Structures are given as C-alpha cells and as structure tokens.
Amino acid sequence: MISLQLFAGCLQQLAPYMFLCLYPFRKRLRYSRPKIFLSAASLLLASSLLFSLAGTFLASVIPGGPFLRQAVNWLFILILLPCFFLYLYTVKDLWQKKLFVFSFTATAALLMTSIYNYFDAKNLQSYSWLPYGGTFYLYYLVAELVTLPPCWFLLKYFYLPIEDGLDARESGYLSALSLFLFALLIPGLSLTAPEHLRSNPALIYLFCSLLVITFVVYILFFKLYGLIREKMQSQQEAMQLQHQSELSAEQYRRIQEQIENSRRMRHDLIHHLLAIQSLLADGETGRAAEYLEQYLKNTRKYEILRFCGNPVVNMLVSHYDAQAKEEEIDFSVRINIPDGLPVQDTDLSVLLGNLLDNAVRAAGHVTEADRFVRLHMICSGKMLAITVDNGFDGHVKRDGERYMSTKEGHQGMGLKSIADISEKYHGGVEFTHEGAEFHASVMVGLE
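Notes on the structure in this doc start here. Just so it is clear, the model here is predicted, and its values are computed rather than measured.

**Details of the overall build of the protein chain**
Piece 1. For the protein chain, the helix and strand inventory stands at 12 helices and seven strands.
Piece 2. Split into buried and exposed, the 447 residues of the protein chain put 44% on the buried side.
Piece 3. Contacts spanning at least 24 positions in sequence make up 74% of the contacts within the protein chain whose residues lie at least 6 apart.
Piece 4. Surface exposure of the protein chain reaches about 24,200 Å², of which carbon and sulfur atoms provide 62%.

**Remarks on the packing of aromatic side chains**
Each aromatic ring pair is described using two quantities: the centre-to-centre distance and the angle formed by the ring planes.
Piece 1. Per the stated rule, a full pass over the model turns up 22 aromatic pairs.
Piece 2. Judged by centre distance (6.1 Å) and plane angle (85°), the rings of Phe-100 and Phe-222 are edge-to-face. Pair noted here: Phe-100 is in helix H4 (residues 95-120) and Phe-222 is in helix H8 (residues 201-281), with a separation of 122 residues, a long-range link.
Piece 3. You can call Phe-222 buried: its relative accessible area is 2%.
Piece 4. Between the NZ or CZ atom of Arg-26 and the centre of the ring of Tyr-23, over which it lies, the distance is 4.3 Å.
Piece 5. Its end group placed over the ring of Tyr-89, Arg-30 keeps NZ or CZ at 4.5 Å from the ring centre.

**Details of the nonpolar core**
Piece 1. Counting residues in hydrophobic clusters, the biggest one holds 62 residues, and the most contacted among them are Phe-51, Tyr-87, Phe-100, Phe-104, Tyr-159, Tyr-218 and Phe-222.
Piece 2. Of all the secondary-structure elements, those providing two or more residues to this core are helix H1 (2-22), helix H2 (33-61), helix H3 (66-90), H4, helix H5 (136-163), helix H6 (168-189) and H8.
Piece 3. The leading source of residues in this core is H4, at 11 residues.
Piece 4. Ignoring sequence-local partners within four residues, the contact set of Phe-104 consists of Cys-151, Leu-154, Leu-155, Ser-178, Phe-215 and Tyr-218.
Piece 5. Counting residues in each nonpolar core, the second largest holds 39 residues, with Ala-363, Met-377, Ile-421 and Ala-440 among its members.

**Re the pattern of salt bridges**
Piece 1. Here the structure, examined in full by the defined rule, presents nine salt bridges.
Piece 2. A salt bridge links Arg-28 to Asp-93; the shortest N-O distance between them is 2.4 Å. Taken together, the residues Arg-28 in the loop between H1 and H2 and Asp-93 in the loop between H3 and H4 connect sequence positions 65 residues apart.
Piece 3. Its relative accessible area of 24% is what places Arg-28 among the partly exposed residues.
Piece 4. Note that Glu-163 and Lys-97 form a salt bridge whose closest N and O atoms lie 3.1 Å from each other. Here Lys-97 lies in helix H4 and Glu-163 lies in helix H5, a separation of 66 residues in the sequence. The same class applies to Glu-163 as to Lys-97, namely buried.
Piece 5. Salt bridges linked by common partners bring Arg-28, Asp-93, Lys-97 and Glu-163 together as one network.

**Points about the packing of H1 against H2**
The relative placement of two packed helices is expressed as an angle between their axes plus a distance between the axes.
Piece 1. At a minimum axis separation of 8 Å, H1 and H2 run at an interaxial angle of 140°. With respect to the hand of their crossing, H1 and H2 are arranged in right-handed fashion.
Piece 2. Tallied by class, residues from the contact of H1 with H2 come to 17 nonpolar, six polar and no charged.

**A few points about the pairing of strand E7 (residues 437-445)**
Piece 1. As judged from the nine bridges shared by strand E3 (residues 383-391) and E7, these two strands associate in the antiparallel manner. For Gly-391, the partnering residue across the bridge sits in E7 and is Glu-437.
Piece 2. Bridge count between strand E6 (residues 428-434) and E7: seven bridges; the pairing is antiparallel. Considered in E7, the bridge of Val-429 is made with Val-442.
Piece 3. Connecting the antiparallel pair E6 and E7 is a turn made up of two residues, with Gly-435 showing a positive phi of about 65°.

About the cut-offs
Residues numbered from 1 in each chain as written. Predicted model: local features only at pLDDT ≥ 70, side-chain atom pairs only at ≥ 80, totals over all residues. Heavy atoms only, no water. Helix = DSSP H or I, 4+ residues; strand = E, 2+ residues; numbered from the N terminus. Buried < 20%, exposed > 50% of the residue type's maximum accessible area, 1.4 Å probe, protein only. Contact = heavy atoms within 4.5 Å. Areas by Shrake-Rupley, 256 points an atom, 1.4 Å probe, with all protein chains shown as cover. Phe/Tyr/Trp six-rings, centres within 6.5 Å; stacked < 30°, edge-to-face > 60°. Lys NZ or Arg CZ within 6 Å of the ring centre and 35° of its normal. Core = buried A, V, L, I, M, F, W, Y, C linked by side-chain atoms within 4.5 Å. Salt bridge = Lys/Arg side-chain N within 4 Å of Asp/Glu carboxyl O. Axes fitted to C-alpha atoms, helices over the stretch in contact; angles between N-to-C directions. Left-handed = near helix turned anticlockwise from the far one by under 90°. Nonpolar A, V, L, I, M, F, W, Y, C, P; charged D, E, K, R; others polar. Pairing = 2+ DSSP bridges.

Pasting the structure below:
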C-alpha cells in the first residue's frame, strides 16, 4: 500500500514538472517527439518506481514522524538528478538556458508542495507522515491549477520572446539567480514541518508572497531586457543603413565617374582621330602608332568589362575590379549565373557589394604576395552560391562565433547585412579564416 501511494504521488508530481522543463525547447530536442514522449514516460515510471521502493524501505526503518517526511523529501530530490542529466542531454541548446528553466520549474514544484503541505497538514499523522497520502491527489491538483498556468504564461509570453537573444553569459547570470532562489526557498518550502505551517499561517503567506515577488522580478527582468535589446537592434539597424548608404554612395560615385570618363572620351574621340590623321598625312606612321597605342591604353582603364549578363552583378564586379587594379590586387572572377535572378537588385547589390568591399579593403593592407581576391558565383538547382577568398593581415576580431569588423568605428554591420539578406532568402553564411586568408561563403535561395 505504501509503495503504491509513493509511486502514484511521485508520478503526479513529476509529470507537470517535466512538461514545464521541455516546453521552451520543444523545437530543439535531440530526438523526434514520439521518441521523446516514450523516453520521458519510461523515465517517469522508472523514477517513480525507484522512489516508491526506496521510500518504502525508509518507512520500515525510520519511525513515523517529521524526520521520516524530511528523509523522503530528500529522497525525492535525489530522484530528480537522473532526470536532470537526461534533460541536459535531450535538449540541444546552451546549458545555461537549460539550467535556468530547470531551476525555475523546480521552484514552481516547491510552491506546489508547500500549498499541498499547508492544506493537508492535519491529515499527516493518519498516514504515518508519508507524502501523497489521503487527500493528496485533490489538494495537489488544486496546487497545480494555481501554479502551473502562471509559470507556463511567464515562460511563453515573457521568457521565450527574448530567449533567442540571450547569449551564454546572460543566460548564466539568469540561471545563477534562479538557482540561488531555489536553494534559498528549498529549506522553507520543502523541509519545514507542515504542522508548523498550519500553526503559523503567516509563514505560508510569506513563502507565497516571496514567490510572487520572484515571478514579478523575472517578468520585469525579461521586459527590461527586451526593451534594451530592441533599442540595441534599432541602433544596429541604423548603423547598418548608414553603412549600406555609404557603400551605395561610393559605388554610385565610381559609376558616375566611369560614365563621365566615357562621355569625355567620346567627346575627345574626334580630336584624337584628327591628330592621328595629321601624323599619317605627314608620313609619321611610327608616331601615329605610338599615339594610337597610348590612346587604347587609356581607354582600357575606363571600360566596363563584361563578367556576366546580369547587369547588377556585372556593374559591381567591374567596379571592384577597377578598384583592385588601382591597388595592385590580383582580382580573379569566375561567374556562371543567369542574366536574371529572383533576388531584389537592392539585396543583391548590398550582399555582393559588402562581400567585395570587405575583401578588397582587407587585401589592400597586406604584402604583395597576399594581395588577392577570388570571387566565385554559381547557380546550382535553386540556390545561388557565392564564395569570396582574399588575403588579409591575419588579425580577426570575434564575439563568440561571430566575426566583428576590425575597422575603427565599425561593428561588423556589413557582415550582419550579408547574414540578414541570406536568411531572408532561406540561405546561410559561413565566415572562416586560415592563416592570412579569409573565406566567405554565402548561399541564397532562388525559389
């Protein structure tokens, strides 16, 4: 009878606890949902069975009383350890985030236990001071209805909206706070003798008030963090727009310069032809040939080369090819794309412009042997692949896995623009470096 009592009570207490732990990470589980469900059910049954057997043994060697109840409570906490380690393995995310959700949910479970203990204190002696006896299932159901919805509401509407933006350090601070509160509350909510709670109603009021305050603190923290992140995102977007505007302005200036040079060359063409005619008329064919060769050499500096049939890509590649030549950078290009792409011209311009701008700038600050830029563009199926390799000085600045700009006053907005546009078209980016060579790979969906 005692074993069945402990088994059923442990099962009812663990089930909602496990649901709350897995809910925020339901899309980041290591296995499929059916397999997770079977694993969780097996773990629940095994843990409840182990708890019931160990609890029955304790009841046979320890006289009924407050000490027995505390021993069984400690046993329940020990039973949670394998559940905790399996939980850490099952969820694919930062361990700091998993630790926060686990300790937060454990605090909610303590509140459930305290509410049940308070209302059921007068019946303890009738079932030998063991938990889950008598009217446990009714009282604990009431406790679940009181505590689970607010906890779920807080996780869904306050924690999850900011969870993606929390890095390891921020999640670590949050989990430390949650663990501290759990450790602070466990002596009062789990190990305090229930008869003391019954004889001192102010204690249960104090505990509940403390937990309400704790939830309010969490809500305020999440809202404050959300507002700070929105402000930072706005600042980053403003910097990104400024960077794109500067890049577009520079590209526009160079294109206008090429157009003006072409117009001037067409205007001066008649004068050059007259000069060549005059030299030929005077029989100075050698000087005429030299004049013509020098004219053709000057013309080639301003011509827009044809790298592909796509006008936006061709314009940008021609622009940076000319810039690379000015800085004596070996600029090699291999492009195999259709004339038209289902990508907005503005996005394509920002994407390719940032890639080539970063590459040419970086290659222009190294020795002659490392002054190179290699651009490859190819369409394969419904994806556009772009790779840019360039020499650089070997110095990188990173924030975790993210590369940051090494230019003074820049925060890596160009790299972020590339990632944002790639994500917009359901693609991906990868930035790596090896020695004095930097690699950028971008995939863009063409559906």
